Every structure is written in structure tokens, then in C-alpha cells.
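The residues making up each chain are set out below.
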Amino acid sequence: MNDEYASVVYQVLVRLGYGLIKAAEEVQAESRGEHTPIAGLPTAEEPPFPPAPPQYAPLPAPVPDQFATCPAHRQPWRLVPAGISKTTGRSYDAFYACPTRGCDQRPPRDWRPQ
Ligand SMILES: [Zn+2]
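Analysis parameters
- Residues numbered from 1 in each chain as written.
- Predicted model: local features only at pLDDT ≥ 70, side-chain atom pairs only at ≥ 80, totals over all residues.
- Helix = DSSP H or I, 4+ residues; strand = E, 2+ residues; numbered from the N terminus.
- Contact = placed C-beta atoms within 7 Å.
- Buried ≥ 20, exposed ≤ 12 C-beta atoms within 10 Å, placed from the backbone.
- pLDDT = per-residue confidence, 0-100.
- Expected span 1.5 Å × (residues − 1).

**Description of the overall build of the chain**
Next, step 1: Helix and strand counts for the chain come out as one helix and four strands.
Next, step 2: Listed N to C, the secondary structure of the chain is α-β-β-β-β in terms of helices and strands.
Next, step 3: Partitioning the intrachain contacts of the chain with sequence separation of at least 6 by distance along the chain shows that 34% fall at a separation of at least 24.

Here is the structure:
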């Protein structure tokens, strides 16, 4: 090993040493919170992946039409067409009623067959 080669090796080692010291100082500064992020690089606060899609609640199961039949006779409602009452003489709109004679059960006023 000649003196010139030894000098080059020495210079390289010195620069490596300075580089290590500089890196150690940067790590220490980072641990003290003095680290300034490099522009363009993601910071630790940013998630590495896009946020997860929102979780949607599953749709409720379709409920059977609880007003589809007369609760007393389990028969589907019969559409009574609009007319004029024989007892009062007043006109009435069409409505749904139980087909069983004498039953006064009715679906809700806004109920319609599904
Ligand atoms: Zn009925």
C-alpha cells in the first residue's frame, strides 16, 4: 500500500465518519421533534393508503305487509267502490274492508295493496 492510496482511504473514512455523525445528529434532532419533513415525502401522520371506505349499515329485511289481511278473519281486504250511503244519504270514497259480512275491521286509511 503506497502513501497516495493510504491517503485516499483515509479521506474516504473521514468523510464516512462525518456522514455518520451528520446522520446521528439528524436522528437526534428528529427524536427531539425538530425534524423538518422533506417536501414530497409522506409524513408519519399521513396514512400510507387511502382511507377505508365508509361502512354502510345493511338494509333491513323487507317486512311483510302487516295490514294486508283482516286481523280477525285473515282474509285480504276487499275494495268497496265509492258510493252513497243508504242510511245517511252521504257520498263516500272507495275504501278497503273485510269481505266477511258484519266485520267492521279496516286497514289504515292510507293502506294500499302491495
Ligand atoms: Zn274481518
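**Some remarks on the environment of Gln105**
Next, step 1: Here Gln105 is to be found in the segment after β4 (95-97).
Next, step 2: Classification of Gln105 as partly exposed rests on a count of 15 C-beta atoms within 10 Å.
Next, step 3: The spatial distance from the C-alpha of Gln105 to the C-alpha of Thr69 is 9.6 Å, given a sequence separation of 36 residues.
Next, step 4: Apart from residues no more than four positions distant in its own chain, Gln105 is found in contact with Cys70, Pro71, Ala72 and Cys98.

**A short note on unusual backbone geometry**
Next, step 1: One non-glycine residue, Arg74, adopts positive backbone phi at about 55 degrees.
Next, step 2: Considering the arrangement of structural elements, one finds Arg74 in the loop between α1 (3-31) and β1 (78-80).

**Considerations on the confidence of the model for the chain**
Next, step 1: Of the residues in the chain, 89% reach a pLDDT of 70 or more, and the chain-wide mean stands at 85.
Next, step 2: When pLDDT is averaged over each helix and strand of the chain, the minimum, 82, is found for α1 and the maximum, 96, for strand β2 (residues 83-84).

**Focus: α1**
Next, step 1: Relative to the 42 Å expected for 29 residues at 1.5 Å per residue, α1 spans 42 Å between its end C-alpha atoms, a close match to the ideal helical length.
Next, step 2: Burial of α1 is sparse: only zero of the 29 residues sit out of reach of the surface.
Next, step 3: Once α1 finishes, Gly33 follows within two positions and takes phi at roughly 80 degrees, a positive value.

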